[in-house]
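As a plain string of letters, each chain reads:
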Amino acid sequence: NRRIVLNSRPDGAPRPDNFRLETVDIPELAAGEVLLRTEYLSLDPYMRGRMNDGPSYAPAVAVGDVMVGGTVSRVEQSKNSGFAEGDRVLGYSGWQDFAVSRGTDLIKLDANMPHPSWALGVLGMPGFTAYMGLLEIGQPKAGETVVVAAATGAVGSVVGQIAKLKGCRVVGVAGGAEKCRIAREELGFDECIDHRASDFAEQLAAACGDGIDVYFESVGGKVFDAVTPLLNVKARIPLCGLIANYNDTEPPAGPDLRPQLMMTMLVKRIKMQGFIIFDDYGPRYNEFVAEMEKWVREGKVQVNEDIVDGLENAPEAFMGLLKGNNSGKLVIRV
Ligand code: NDP
């Protein structure tokens, strides 16, 4: 049983020596437990927060403990009457080959589903985040302009496609020409602007001639700075993530833009709302899955995945995620 543990806490961007690959015995089952063999492991930006000590909305991973993470697994052995050998489940086994569960944290999946990894992406937590954040907080209306940060990522790719289904004009923001091409040609965004371009703010302004009605924020930093002056009266900002800041160890230097930002929010009556997906919307998960399965089946939502083989490659893939090396939902085929 291979497992990847937190070897030390990062100071800034994670490094390979913050992780350690160990081999341990496969655990024995007690009554009521199931043994799970991981098929797919989801890698997500929130894991960076779990590597830090200190207060957050969820507890930190202890040094020496297995890195946390959502997984699709097969039931290898069962001493729980609710599960049989061969069942496929969505769970939270973390970065390891095998895990033991009492079953209460597991959701059964179709054992023969053709794309099990989708349960970690478009049909799982990131898709749910896109769906609830955009529709409940963003309240997009036909004809409005929606700007989507990290446009080709797990959440952003779904946000933009749902906004198109609702009749909006959708402008993505992504890192690099190839990601912008994917957003436009494969995901159906109207435009996509490269945030690495030296004239990024000007290009974004040109693409948003009618201003911005909804900004789906996943990034922060200079993307947010470029968006702020373009916001329309009564714009809505679902505040989903701030990945540009996750590795920060101190506040950024430079002018203090808070008064300017708060004045914009005041005079334009802007609504910005943070959310933590399962804490805020957990009871609506089944409603989301039913609707998203239908959209995917009908070809209305395209699936954008980045699959990396081998548990041993999880640390490198995760470090790359924080730098934008992934294109689409990052999943490890364990
Ligand atoms: P992605 O698949 O979008 O991967 C992260 C992407 O972020 C990278 O590919 C990169 O894309 C972009 N990025 C990284 N650093 C920067 C930077 N400095 N400036 C601009 N872009 C950057 O991840 P997810 O879709 O899984 O997550 C997106 C966001 O949503 C994260 O902030 C995450 O924390 C948040 N989230 C929040 C949830 C909640 O409940 N609130 C639930 C799930 C996710 P590019 O190359 O295009 O820049």
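Reading guide: rules and limits
- Residues numbered from 1 in each chain as written.
- Predicted model: local features only at pLDDT ≥ 70, side-chain atom pairs only at ≥ 80, totals over all residues.
- Near = placed C-beta within 6 Å.
- Helix = DSSP H or I, 4+ residues; strand = E, 2+ residues; numbered from the N terminus.
- Nonpolar A, V, L, I, M, F, W, Y, C, P; charged D, E, K, R; others polar.
- Domains from an automatic or database assignment.
- UniProt positions renumbered as here; feature names shortened; annotations may be inferred.
- Pairing = 2+ DSSP bridges.
- Axes fitted to C-alpha atoms, helices over the stretch in contact; angles between N-to-C directions.
- Contact = placed C-beta atoms within 7 Å.
- Buried ≥ 20, exposed ≤ 12 C-beta atoms within 10 Å, placed from the backbone.
- Arc of directions from axis to C-beta.
- Parallel < 35°, antiparallel > 145°, perpendicular 65-115°, else oblique.
- Right-handed = clockwise from strand over helix to strand, strands pointing away.
- Core = buried A, V, L, I, M, F, W, Y, C linked by C-beta atoms within 7 Å.
- Left-handed = near helix turned anticlockwise from the far one by under 90°.

1. Description of the site of the ligand
Here is step 1 of the chain: Surrounding the ligand, one finds 30 residues, the nearest of these being Gly 153, Gly 175, Gly 241, Ala 244 and Gly 324.
Here is step 2 of the chain: Those elements that provide at least two residues to the shell around the ligand are helix 2 (125–138) and helix 6 (221–227).
Here is step 3 of the chain: The residue inventory of the shell around the ligand, partitioned by class, reads 17 nonpolar, 11 polar and 2 charged.
Here is step 4 of the chain: When we break the shell around the ligand down by domain, the ones giving at least three residues each are domain 1 (2–122 + 303–333) and domain 2 (125–278).

2. Re the UniProt feature "domain: Enoyl reductase (ER)" (unreviewed entry) in the protein chain
Here is step 1 of the chain: Per the UniProt record, "domain: Enoyl reductase (ER)" (unreviewed entry) is annotated on residues 14–332.
Here is step 2 of the chain: Overall, residues 14–332 shows 28% helix and 23% strand. The separation of its end C-alpha atoms is 18 Å.

3. As for the sheet that holds strand 10 (residues 191–194)
Here is step 1 of the chain: With parallel pairing, 6 strands are arranged side by side in an open sheet as 10-9-8-11-12-13. Where the open sheet ends on each side, the last strands, each with one partner, are strand 10 and strand 13 (271–274). Sheet twist, expressed as the mean angle between neighbouring strand axes with direction ignored, is 15°.
Here is step 2 of the chain: Looking at chain direction, strand 8 (residues 145–148) and strand 11 (residues 212–216) are connected through 3 bridges and run parallel. Looking at strand 11, one finds that Val 147 is bridged to Tyr 215.
Here is step 3 of the chain: Against the sheet, helix 2 touches strand 11, strand 12 (231–239) and strand 13, its axis set at about 145° to strand 12.
Here is step 4 of the chain: Sheet strands touched by helix 4 (residues 177–186): strand 9 (169–174) and strand 10. Its angle to strand 10, the strand with the most contacts, is close to 170°.

4. Re helix 10 (residues 314–321)
Here is step 1 of the chain: The complete set of buried residues in helix 10 reads Ala 314, Pro 315, Ala 317, Phe 318 and Leu 321. In an axial view of helix 10, the angular spread of the buried residues amounts to 165°, which keeps them on one side of the axis.

5. With respect to the packing of helix 2 against helix 9 (residues 285–297)
Here is step 1 of the chain: Close contact between helix 2 and helix 9 brings their axes to 10 Å; oriented N to C, the two are set at 95°. The angle between the axes of helix 2 and helix 9 places the two elements in the roughly perpendicular class. Seen from helix 2, the contacting residues are Gly 127, Phe 128 and Tyr 131; seen from helix 9, they are Tyr 285, Phe 288 and Met 292.
Here is step 2 of the chain: The class makeup of the residues in the contact of helix 2 with helix 9 is 5 nonpolar, 1 polar and no charged.

6. Looking at the domain arrangement of the protein chain
Here is step 1 of the chain: You can read the domains of the protein chain as domain 1 (2–122 + 303–333) and domain 2 (125–278).
Here is step 2 of the chain: One C-alpha centre belongs to domain 1, the other to domain 2, and the line joining them spans 28 Å.
Here is step 3 of the chain: Residue classes in the side of domain 1 that touches domain 2 are distributed as 5 nonpolar, 8 polar and 3 charged.

7. Brief notes about the pairing of strand 12
On any regular strand, side chains alternate: one points to one face of the sheet, the next to the other face.
Here is step 1 of the chain: As judged from the 2 bridges shared by strand 11 and strand 12, these two strands associate in the parallel manner. In the strand pairing of strand 12, Ile 212 is matched with Leu 231.
Here is step 2 of the chain: Handedness of the crossover joining strand 11 and strand 12 through helix 6 is recorded here as right-handed.
Here is step 3 of the chain: With 4 bridges joining them, strand 12 and strand 13 adopt parallel strand pairing. Paired with Ile 237 across the two strands is Met 272, which belongs to strand 13.

8. Some details on the nonpolar core
Here is step 1 of the chain: Ranked by internal contacts, the top residues of the largest apolar core, which has 85 residues, are Leu 43, Val 147, Val 148, Ala 151, Val 159, Tyr 215 and Phe 216.
Here is step 2 of the chain: No other element matches the 6 residues that helix 2 contributes to this core.
Here is step 3 of the chain: In contact with Val 147, not counting residues within four places along its chain, are Val 171, Val 173, Cys 208, Ile 212, Tyr 215 and Val 227.

9. A word on the environment of Leu 242
Here is step 1 of the chain: Within the element layout of this structure, Leu 242 appears in the loop between strand 12 and helix 7 (258–267).
Here is step 2 of the chain: Separated by 93 residues in the primary sequence, Leu 242 and Ala 149 place their C-alpha atoms 10.0 Å from one another.
Here is step 3 of the chain: Setting aside anything within four residues of it in sequence, one finds Leu 242 in contact with Val 219 and Gly 220.

10. Points about the packing of helix 2 against helix 3 (residues 156–165)
Here is step 1 of the chain: Taken N-terminus to C-terminus, the directions of helix 2 and helix 3 make an angle of 45°; their axes are 8 Å apart at the nearest point. Taken together, the axes of helix 2 and helix 3 are oblique relative to one another. The crossing of helix 2 and helix 3 is right-handed. Facing Pro 126, Gly 127, Ala 130, Tyr 131, Leu 134 and Leu 135 of helix 2, the residues of helix 3 in contact are Val 158, Val 159, Ile 162 and Ala 163.
Here is step 2 of the chain: For the contact of helix 2 with helix 3, a count of residues per class yields 9 nonpolar, 1 polar and no charged.

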